[in-house]
Each structure stands twice: as structure tokens, then as C-alpha cells.
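# Analysis of the macromolecular model
The chain contents come next:
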Amino acid sequence: MKHYQKAKFLLSVADLKQLPPDNGIEVAFVGRSNAGKSSVLNEVTHNKNLARVSKTPGRTQFLNFFVLDESRRLVDLPGYGFARVPEEVRARWVATLDGYFQTRESLKGLILVMDIRHPLQELDLNILDASSQAGLPTHVLLNKADKLGHNDLRKTEQSVKKGLEPYGDGVSYQIFSALKGTGVKELQAVLNSWFSL
């Protein structure tokens, strides 16, 4: 847990050529622009100012790198699918993410953040397909769990579990609420296993 509180901003890159040296271990956070990805990053690091939270979805248009120590990094990837951006910008994002998944040796896992009220949208499935093809383990965070009652929560969880079955052991999932801090310890346990902590 103390490792995550040490997270500090390293750099932002718009292009794969600008990536920091490909050594150590990285875990990347990705999700639709309105899924609360920045809030999740801030909650897991207990630093409300780490990732910029915006009322305008899709503000993260770069790969933002945060260091935990000399050999471990968290990466905030561009949000997708909601931002009002030109088609060529969107196409560039997709190509950049795909290239990053396929070629980055230090990338050990992906945290895919979804709004629990709208899980497994087409673009989420595209990311799952891309991470699966790249052999990347993926942990799905069903964020904003505070927005659903108990019964709806359970129903959604069952539906997501079924929807993720085709991806086999490469994909896990959990309930999460960045607002309430629900599921932070479980998420840190997943990160610990990938970071060898």
C-alpha cells in the first residue's frame, strides 16, 4: 500500500516513440472516458491530485506515466469512445494503444475500468480482444458500484461474469467504487501480484 502512495508523475507522451525506457514493470489503466479512470487512479494511490479528474470526459489524450519506484510504473492511458474528438485523432489513439499492448515488454497487466451501469460496451470488448491477442492479463474494475442497489449490483455482476467467460483465465473482475473506496484493497492485491510486491 505504501508503494502506491509514493506515486509521482513522470511524463506524458503522445507517441510510442516518446515512451520511457522499456524496462522494469508497468501496469496500465484504460477505460471509456466516462468510467472514472482518473478517480480510480487517485483512490488507489490515496492522492486526489495524481491524475487530473475532469468534468469533460476524454481529457486524457496522452499516455501519462507515474513512477512508484525505480522499476515500477502506473500508466494512465487515453480514455476512449466518448470524447468528442475528430475521427483521425480517435484512429491514432486506437493505433497507439494497440501498438503499446503489442510491443511494450515491461507491460505486465491492464486494469480495464468500466461504469458498472454500462459494462462490456463494444469498445470495452475491443480492448479485451486486443489485450487477449497481446497475451496481457486484464483485471476489470466495475466502478461506480455506489450508483446501484444490492439486487442490481448482483444481477450486473452475474451478467459480466458470463460476458467475460470467453476470455478464460486471462481476465478477472471485481466490484469497485472510487467514491466510497470500495474494493481498493482487492485492486492493490492484483497490482501487488503483477508488481511482485
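Anything mentioned here points back to the structure above.
Residues numbered from 1 in each chain as written. Predicted model: local features only at pLDDT ≥ 70, side-chain atom pairs only at ≥ 80, totals over all residues. Heavy atoms only, no water.

### So, the environment of Glu186
Structurally, Glu186 can be placed in helix α6 (residues 184–195). Expressed as a C-alpha distance, the spacing of Glu186 and Tyr4, which sit 182 residues apart in the sequence, is 14 Å. (Helix = DSSP H or I, 4+ residues; strand = E, 2+ residues; numbered from the N terminus.)

### As for the side chain of Gln174
Structurally, Gln174 is set in strand β7 (residues 171–175). Within polar-contact distance, the side chain of Gln174 engages the side chain of His139 at 2.8 Å. Not counting residues within four places of it along the chain, the set of residues in contact with Gln174 comprises His139, Val140, Leu141, Leu142, Gly183, Glu186 and Leu187. (Polar contact = N/O pair within 3.5 Å; in protein donor to acceptor, adjacent residues only side chain to side chain. Contact = heavy atoms within 4.5 Å.)

### Points about the pattern of salt bridges
Using the criterion set out here, one finds 10 salt bridges in the structure. Between Arg117 and Asp115 there is a salt bridge; the shortest N-O distance is 2.8 Å. Among the residues examined, Asp115 registers a relative accessible area of 6% and is labelled buried. With a closest N to O distance of 3.9 Å, Asp115 and Lys144 form a salt bridge. With Asp115 in strand β5 (residues 107–115) and Lys144 in the loop between β6 (138–143) and α5 (150–164), this residue pair connects regions lying 29 residues apart in the sequence. If you follow the salt bridges from partner to partner, you end up with Asp22, Glu26, Arg73 and Arg104 in one network. (Salt bridge = Lys/Arg side-chain N within 4 Å of Asp/Glu carboxyl O. Buried < 20%, exposed > 50% of the residue type's maximum accessible area, 1.4 Å probe, protein only.)

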